[in-house]
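The lines below spell out each chain.
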Amino acid sequence: MKRLLIFQAIFFIVIALPLYSQSREDDTNSDGKTDRWVSLSGGHVTEVSLDKNFDGNIDYIVKYNKNGNKTEEHQDYNLDGKLDDFYFYSNGKMIRREIDSNYDEKVDIWVYLDGVYINKYEKDTDFDGEVDVVKDYTKE
Ligand SMILES: [Ca+2]
Ligand SMILES: [Ca+2]
Ligand SMILES: [Ca+2]
Ligand SMILES: [Ca+2]
């Protein structure tokens, strides 16, 4: 019995531990280029990045916390290689969405949510970095 436990301990250190925390890369369409990256920590998936249209640029990222709850999603909506649509979650609920609507790599729309309900909306209409329109639905 003792021998078996030692064997199991060695197995854990040599085999299981490196698998426990690591990153994985996959070529899902077999074109020789990686299009899926999976990061693991403590045996849990913490981040997945995808190149959905196989052009070499990541166009979707999802992040998870230790409990397996989604915390963030990033998306490249117009597939120009730059992420432009960001979702933030807390306890499984969407709390904020940030959008770069003119694709200049600067967020210009901020939507504050409580799940599906919009609490507040901010927009930088002339894209100078300053908010021009604020709609606070919690005050109406
Ligand atoms: Ca590929
Ligand atoms: Ca892509
Ligand atoms: Ca983009
Ligand atoms: Ca912008």
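Everything discussed here concerns the structure shown above.
Summary of the structure given here. The structure presented is a predicted model; accordingly, all values stated were derived computationally and were not measured.

### Points about the pairing of strand 5 (residues 70-75)
- Here strand 4 (residues 60-64) pairs with strand 5 via five bridges, running antiparallel. Bridging from a neighbouring strand, tyrosine 60 pairs with glutamine 75 of strand 5.
- As consecutive antiparallel partners, strand 4 and strand 5 are separated by five residues, and within that stretch glycine 68 has a phi angle of approximately 85 degrees, a positive value.
- With four bridges joining them, strand 5 and strand 6 (residues 85-90) adopt antiparallel strand pairing. Within strand 6, the residue paired with histidine 74 across the bridge is phenylalanine 86.

### Considering the pairing of strand 4
- Strand direction decides the pairing type here: strand 3 (residues 44-50) and strand 4, joined by four bridges, are antiparallel. Among the inter-strand pairings, leucine 50 is bridged to a residue of strand 4, identified as tyrosine 60.

### Some details on the environment of phenylalanine 88
- Tracing the sequence through the fold places phenylalanine 88 in strand 6.
- Distance from phenylalanine 88 to lysine 63, taken between C-alpha atoms, is 9.6 Å for residues 25 residues apart in sequence.
- Contact partners of phenylalanine 88, with chain neighbours within four places excluded, come to Glu72, Ile95 and Arg96.

### Overview of the environment of tyrosine 121
- Here tyrosine 121 is to be found in strand 9 (residues 117-123).
- Owing to 16 C-beta atoms within 10 Å, tyrosine 121 belongs among the partly exposed residues under this scheme.
- Each C-alpha atom, one on tyrosine 121 and one on tryptophan 110, is 5.9 Å from the other, the two residues being 11 residues apart in sequence.
- In this view, tyrosine 121 contacts Val111 and Lys135; residues no more than four positions away in its chain are not counted.

Calculation rules
- Residues numbered from 1 in each chain as written.
- Chains lettered and ligands numbered in written order.
- Predicted model: local features only at pLDDT ≥ 70, side-chain atom pairs only at ≥ 80, totals over all residues.
- Pairing = 2+ DSSP bridges.
- Helix = DSSP H or I, 4+ residues; strand = E, 2+ residues; numbered from the N terminus.
- Contact = placed C-beta atoms within 7 Å.
- Buried ≥ 20, exposed ≤ 12 C-beta atoms within 10 Å, placed from the backbone.

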